[in-house]
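Below, each chain spelled out in residue letters.
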Amino acid sequence: MLSIIACISKVHRAIGYKNRLLYAIPSDMTRFRMLTTGHTIIMGRKTFESLPNGALPNRRNIVISKTREQITGCEVYTSLEEALAASKEAVESKEASDECFIIGGASIYEQALPFADKLYLTIVEKEPEHADTFFPEINPAEWEVTKKEMRNENGLPFTFLTLYRKQ
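Residues numbered from 1 in each chain as written. Predicted model: local features only at pLDDT ≥ 70, side-chain atom pairs only at ≥ 80, totals over all residues. Heavy atoms only, no water.

*Asks:* Summarise the environment of Arg 151; cite the residues concerned and give the values.
*Replies:* Of note, Arg 151 is situated in strand β10 (residues 143-153). Distance in space between the C-alpha atoms of Arg 151 and Thr 122 is 10.0 Å, their sequence separation being 29 residues. Beyond its immediate chain neighbours, meaning those up to four positions away, Arg 151 contacts Ser 27, Leu 156, Pro 157, Phe 158 and Phe 160. Side chain to side chain, Arg 151 and Glu 149 meet in a polar contact 2.6 Å long. (Helix = DSSP H or I, 4+ residues; strand = E, 2+ residues; numbered from the N terminus. Contact = heavy atoms within 4.5 Å. Polar contact = N/O pair within 3.5 Å; in protein donor to acceptor, adjacent residues only side chain to side chain.)

*Asks:* Talk me through the sheet that holds strand β5 (residues 60-64); I want residue IDs and the actual numbers.
*Replies:* In spatial order, the strands read β6-β5-β4-β7-β1-β8-β11-β10; together these eight strands make up an open sheet with mixed pairing. A single partner strand is all that each edge strand has here, and the edge strands are β6 (74-77) and β10. Between one strand and the next, the sheet's axes are offset by a mean angle of 20 degrees, whatever the strand orientation. Bridge analysis of strand β8 (residues 118-124) against strand β11 (residues 156-165) gives seven bridges, and the strand direction is antiparallel. Each residue of the ladder has a partner; that of Ile 123, found in β11, is Thr 159. Relative to the sheet, helix α1 (residues 26-36) contacts β1 (2-9), β4 (40-44), β7 (100-102), β8, β10 and β11, its axis offset from that of β11 by approximately 25 degrees. (Pairing = 2+ DSSP bridges. Axes fitted to C-alpha atoms, helices over the stretch in contact; angles between N-to-C directions.)

*Asks:* I'd like a rundown of the pairing of β10, residues and numbers included.
*Replies:* Relative to β11, β10 runs antiparallel, the two sharing ten bridges. Bridge assignment links Glu 144 to a residue of β11, and that residue is Tyr 164. Between β10 and β11, which follow one another and run antiparallel, lie two residues, and Asn 154 among them has a positive phi close to 50 degrees.

*Asks:* With reference to specific residues and values, describe unusual backbone geometry.
*Replies:* Note that the residue after Gly 104, namely Gly 105, is joined by a cis bond; omega there is -5 degrees. Tracing the sequence through the fold places Gly 105 in the loop between β7 and α4 (106-112).

*Asks:* Tell me about α1, residues and numbers included.
*Replies:* Residue pairs three or four apart in sequence face the same way in an α-helix, which turns once every 3.6 residues. Residues of α1 that are buried: Ser 27, Asp 28, Arg 31, Phe 32, Leu 35 and Thr 36. On an axial view of α1, the arc spanned by its buried residues comes to 150 degrees, and they lie on one face. On its buried face, α1 sits against β1, β4, β7, β8, β10 and β11. Of the residues trailing α1, Gly 38 is marked for its positive phi of about 85 degrees. (Buried < 20%, exposed > 50% of the residue type's maximum accessible area, 1.4 Å probe, protein only. Arc of directions from axis to C-beta.)

*Asks:* Pulling in residues and values, what's your account of the pattern of salt bridges?
*Replies:* Summed over all chains, the structure comprises six salt bridges. A salt bridge links Arg 68 to Glu 49; the shortest N-O distance between them is 3.4 Å. Linking Arg 68 in the loop between β5 and β6 with Glu 49 in helix α2 (residues 45-50), this pair joins segments that are 19 residues apart in sequence. Here Glu 149 ties to Arg 151 by a salt bridge, and the two come within 2.6 Å at their closest N and O atoms. Take Glu 149: its relative accessible area is 28%, and that puts it in the partly exposed class. Judged by relative accessible area, Arg 151 falls into the partly exposed class, the value being 33%. By sharing partners, the salt bridges in this structure join Arg 45, Glu 49 and Arg 68 into a single network. (Salt bridge = Lys/Arg side-chain N within 4 Å of Asp/Glu carboxyl O.)

What follows is the structure, given as structure tokens:
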């Protein structure tokens, strides 16, 4: 199963600015860790470089990069197709769990969205002052919301959504 996980602004779908996350929401980070631990995560090189301590622990880290051949603690592939094929092989050989997460950035989200089975989105009500990276547009006709949890942390309202692709 291919899942996408992201924290986006409600109106413009903003996800980042200068290779940094837009929002510091502790429960979003907890949710991310809970959902992705023990699974394969796939990210672009810039997303990897934005991680403060390198490869995320207790996960199979896959980085898509055309410029780097090796990254400590990660498998590196030159395309999403190669990364997904490697992930599928690991699942078939029982070396990895069956859920694989796309964790960013924008171009990887855009490439992966047509293949995704599930979306875990944190939708933040407040638009950021600055943003230079955006999540691709989602066609609501293709997705069914299966879980919705509204929250507010430190005066910042947001919603955890889980969506499945309609068959």
